[in-house]
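Chains, contacts and geometry: an overview
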Amino acid sequence: MSKAVKITGLDVSFLTQIGIYKLWFENDPKKRCYIGSAVREGKYKSEKGFLSRLNLHLSNLTHNDNCTPKLQNAFNKYGIENLRFEIVEILKPGQPSSY
């Protein structure tokens, strides 16, 4: 998926897969980003992949409790309405990432 989409426009079929993702804020003049991996494969769709990681980030960020201070500071400054999520690479279970 090369085109970034707003959180509200994500396709759930992509969110239940595993791989590498990127978070950034649209109005950050320095265009900084957070690169993360979603490699957990849970029993239920809601427990695995990008969906699980995105939900955890959103929960922690909205409760001002994210473990990455720079991401939390950017969230506090730019707000959830400017947060963007992009799937960088979708992996198959056991497949190494190219990153």
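Structural data are supplied above this passage.
This section reports on the structure supplied with the text. Please read all numbers here as calculations on a predicted model, not as lab measurements.

**Brief notes about the environment of arginine 53**
If you trace the backbone, arginine 53 turns up in helix H2 (residues 49–62). With relative accessibility at 23%, the residue arginine 53 sits in the partly exposed group. Measuring from C-alpha to C-alpha, the distance between arginine 53 and alanine 38 comes to 6.1 Å, with 15 residues separating the pair along the chain. Residues contacting arginine 53, with those up to four places away along its chain left out, are Tyr21, Tyr34, Ser37 and Ala38.

**Some thoughts on the pattern of salt bridges**
Should the charged atoms of two oppositely charged side chains come close, the side chains can pair. Under the defined criterion, the tally for this structure stands at 3 salt bridges. The salt bridge partner of glutamate 26 is arginine 84, with a shortest N-O separation of 2.9 Å. Of this pair, glutamate 26 sits in the loop between strand S2 (18–25) and strand S3 (33–38) while arginine 84 sits in strand S4 (residues 83–91), and the two are 58 residues apart along the sequence. Here glutamate 26 falls in the partly exposed class, since its relative accessible area comes to 43%. With relative accessibility at 6%, the residue arginine 84 sits in the buried group. For arginine 32, the salt bridge goes to aspartate 28, with nearest N and O atoms at 3.1 Å.

**Details of unusual backbone geometry**
Note on backbone geometry: most residues besides glycine have negative phi, and most peptide bonds are trans. Located in the positive-phi region is lysine 31, a residue other than glycine, with phi close to 55 degrees. Residue placement: lysine 31 occurs in the loop between S2 and S3. Positive phi, normally seen in glycine, also occurs at asparagine 64, with a value near 55 degrees. With respect to the helices and strands, asparagine 64 occurs in the loop between H2 and helix H3 (69–78).

Reading the values: rules and limits
Residues numbered from 1 in each chain as written. Predicted model: local features only at pLDDT ≥ 70, side-chain atom pairs only at ≥ 80, totals over all residues. Heavy atoms only, no water. Helix = DSSP H or I, 4+ residues; strand = E, 2+ residues; numbered from the N terminus. Buried < 20%, exposed > 50% of the residue type's maximum accessible area, 1.4 Å probe, protein only. Contact = heavy atoms within 4.5 Å. Salt bridge = Lys/Arg side-chain N within 4 Å of Asp/Glu carboxyl O.

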